[in-house]
Amino acid sequence: MGRRDAPELTPTDDELAAAEESVRRTLARYHEPAPVPPPPGLAARVLAALQAEPPPGSRPEPARRRLGLAAVWAGAALVFLLLAFGAWGVLVNSLAPASVAGGPAAGLGQLLLVLTLAAKPLVNLLASAGATAALVVVAAAGGAWLWWRIVSTTPFTPPVEIPQ
Amino acid sequence: MKLFALMLLALLLALLPAPAHAQAGPLEIAPDEVIDGDVATFDRPIIVRGVVTGDVTSWSGSIRVEGEIGGDVVSYAGSIELSQGARVGGSVLALAGGVGRHAGASVAGQLLGEEPVAGGALVAGVATIFGRPTGSIAVSLPRPLVSGATALVALLLTAACAAIWPRRTAGVALALRSAPLPAAALGVLTTLLLALVLPALASLLALSLVGLPLLLPLLLALQLPYLFGLAALSRRLVEALGWQAARPALATTLGALLLLLPLVFVGAAAPMLSAAIFYLISSVGLGAAILSRGGAYAIRPA
């Protein structure tokens, strides 16, 4: 049984070339398989053999789909409500969220007041950025495009990992 | 390449205003001055002698109120002083810097922070990473100690990355060997983009109130890809130096030690510069990790 960090699991280029050469020599002994044209109509025959209907369970049932969609909408609504509730406190009236939870003097109300006030330096500093914010948006959009370009144009080959 | 250089310059320019703003002296609102709206700074102290109709907030700058403020007064790490005759229409919160209040000062809302707020020191600690607190009553640790301890934690976590994901680390190191320039470019670009986008995301989280306590854990979790990148870079470094050890994880840790040790000394004098260098070198490994899909694929040399 090998160790997880055994160095032989990550072969070098020379080792890979030697292994390929060895495989080719072995195959040559049995007359390396020569490419032959596929039989006529192979694709059509395979397609004809497939079932017309997808197998049961491969497509979510309408009821399950509706439930999934409802969960997504409920999640989005919850996030929107949380943001609206927080924005009410941070941007309009800092005592408002606390007053909903029993007042700012103690308990949950005071915790909400602390959270509302603690959000203010972060939000206000960003809001005071003004014209710089527009530059940031443009730079971020351009940077994201360049990021994707580098990722999508760099060629790679699977796999480095050797299956266990 | 020219396009990349231009884009990089634009991203750097977009990041510049904050540090440039931090260099200025105290922001003073004169007795006869009226500011219609909010006043917000990063680590710049604020003195209000006139009138501010909105909020007065700062991350790590102190705030002294001698005039009138219509909204709230908040500072994460700086202190807040309410002088005689000061009037605050909203509430006052100092997370770690403390609040000094003269008997003649009035606060319409709540006064929070005279006693340390739970978790406040932690939040203030993050704020002071970026800016030195002014007028704070918080005790600051000596820089060499903080720098050494941070480097030690980074070294241990890098070693953990190399030990937990040895093949992935080796895969990313292989990608670094195949395509060092695209990896470095992508890594630096990723870091700059994160620096641009994170404040907006943090603000959205803060607006939800519930998300605010999650900010610190998320910030810490964000360090993991960088530590993994550092582990891969360290492995590539020891390979380049010819230190082929029987235990690659140990060799990787030695490589990380080589990279982190100079940063300890730099960090003792200039913490921000040390942090910038750390993210810069880790970004190279991060870029290779993204290109190789976490070390699972090999990069074909162009």
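Conventions we followed
Residues numbered from 1 in each chain as written. Chains lettered and ligands numbered in written order. Predicted model: local features only at pLDDT ≥ 70, side-chain atom pairs only at ≥ 80, totals over all residues. Heavy atoms only, no water. Helix = DSSP H or I, 4+ residues; strand = E, 2+ residues; numbered from the N terminus. Expected span 1.5 Å × (residues − 1). Bend = angle between axes of the 7 residues up to and from the residue. Domains from an automatic or database assignment. Contact = heavy atoms within 4.5 Å. Buried area = accessible area lost by both parts, 1.4 Å probe. Salt bridge = Lys/Arg side-chain N within 4 Å of Asp/Glu carboxyl O. Nonpolar A, V, L, I, M, F, W, Y, C, P; charged D, E, K, R; others polar. Buried < 20%, exposed > 50% of the residue type's maximum accessible area, 1.4 Å probe, protein only. Pairing = 2+ DSSP bridges.

(A) A look at helix 10 (residues 271-291) of chain B. Residue and element names in this part refer to chain B. Over its 21 residues, helix 10 extends 30 Å from the first C-alpha to the last, a length consistent with the 30 Å expected when each residue adds 1.5 Å. Bending of helix 10 peaks at approximately 30 degrees at the position of Ser283. Taken from the residues just after helix 10, Arg293 is the one with a positive phi, measuring 50 degrees.

(B) The domain arrangement of chain B, seen in detail. Taken domain by domain, chain B holds domain 1 (27-130) and domain 2 (143-291). Taking only C-alpha atoms into account, the centre of domain 1 of chain B sits 36 Å from that of domain 2 of chain B.

(C) Up close: the interface of chain B and chain A. Across the boundary between the two partners, chain B contributes 65 residues, which contact 57 residues of chain A. When chain B packs against chain A, the two sides together hide about 5400 Å² of surface, and 72% of this comes from carbon and sulfur. Across the contact surface, chain B and chain A share three salt bridges. In this structure, Lys120 of chain A engages Asp55 of chain B in a salt bridge whose closest nitrogen and oxygen atoms are separated by 2.9 Å. Taken together, the elements giving at least two residues each to the side of chain B that touches chain A come down to helix 1 (2-15), strand 3 (39-41), strand 6 (56-58), helix 5 (166-178), helix 6 (180-207), helix 10 and strand 16 (298-299) of chain B. Across the side of chain B that touches chain A, the residue classes tally to 46 nonpolar, 10 polar and nine charged.

(D) Quick look at unusual backbone geometry. Residue and element names in this part refer to chain B. Its identity is not glycine, yet Leu209 carries a phi of approximately 60 degrees, on the positive side. Position of Leu209 among the secondary structure elements: in the loop between helix 6 and helix 7 (215-221). Even without being glycine, Arg293 reaches a positive phi, approximately 50 degrees. Structurally, the position occupied by Arg293 is in the loop between helix 10 and strand 16. Overall, the relative accessible area of 31% leaves Arg293 in the partly exposed class.

(E) Inspection of the sheet that holds strand 8 (residues 68-69) of chain B at higher detail. Read across the open sheet, the five strands follow the order 2-5-8-11-14 (chain B); overall the sheet is parallel. The sheet is open, and its two edges are formed by strand 2 (34-35) and strand 14 (106-107) of chain B, each paired on a single side.

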